[in-house]
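Survey of secondary and tertiary structure
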Amino acid sequence: QVQLVESGGGLVQPGGSLRLSCAASGSIFSISSPNAMGWYRQAPGKQRDLVATITSGGSTNYADSVKGRFTISRDGAKNTVYLQMNSLKPEDTAVYYCNYHNTWNSRDYWGQGTQVTVSS
């Protein structure tokens, strides 16, 4: 089992920056298994969409809407994934959810979500 705790959300002005963190905890087996961690977001009245993912091997994937502005990274020793968000736009406003996917057993785990609001 894996538990995910997100932090770093808040209110920022357009063009501002924000850094989200997601700390994963659980069994040594689960944490050390091949996996992918990522961020998804859901705006009011819309579906939950992928923002960015990063595998335990370091491969990254970004939604077209955030390429060049957002950067995902992870600290394996701390079992933590980060999302650095720059040049934020009002359309980035959403609840951001951390995801952990265990590649070995195909199990997914989700955090509670953190609100990001971009408004002037």
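The preceding data block contains the structure.
Residues numbered from 1 in each chain as written. Predicted model: local features only at pLDDT ≥ 70, side-chain atom pairs only at ≥ 80, totals over all residues. Heavy atoms only, no water.

1. Things to note about the pattern of salt bridges
- This model, assessed by the stated rule, comprises three salt bridges.
- A salt bridge links R41 to D92, with the shortest nitrogen-to-oxygen separation between them at 2.9 Å. You can see R41 sitting in strand β4 (residues 35-42) and its partner D92 sitting in the loop between β8 (80-85) and β9 (94-102), a full 51 residues away along the chain. Considered together, R41 and D92 belong to a single accessibility category, that of buried residues.
- The salt bridge partner of D64 is K67, with a shortest N-O separation of 3.2 Å. (Salt bridge = Lys/Arg side-chain N within 4 Å of Asp/Glu carboxyl O. Helix = DSSP H or I, 4+ residues; strand = E, 2+ residues; numbered from the N terminus. Buried < 20%, exposed > 50% of the residue type's maximum accessible area, 1.4 Å probe, protein only.)

2. Observations regarding the state of the cysteines
- Evaluated as defined, the whole model comprises one disulfide.
- Across the disulfide from C22 sits C98; the S-S distance is 2.0 Å. Between C22 and C98 the disulfide shows an S-S torsion of about -85 degrees. By sign, it is left-handed. With C22 in strand β3 (residues 18-26) and C98 in strand β9, the pair connects residues that are 76 residues apart, well separated along the chain.
- Under the relative-accessibility criterion, C22 is labelled buried at 0%.
- With relative accessibility at 0%, the residue C98 sits in the buried group. (Disulfide = S-S within 2.5 Å.)

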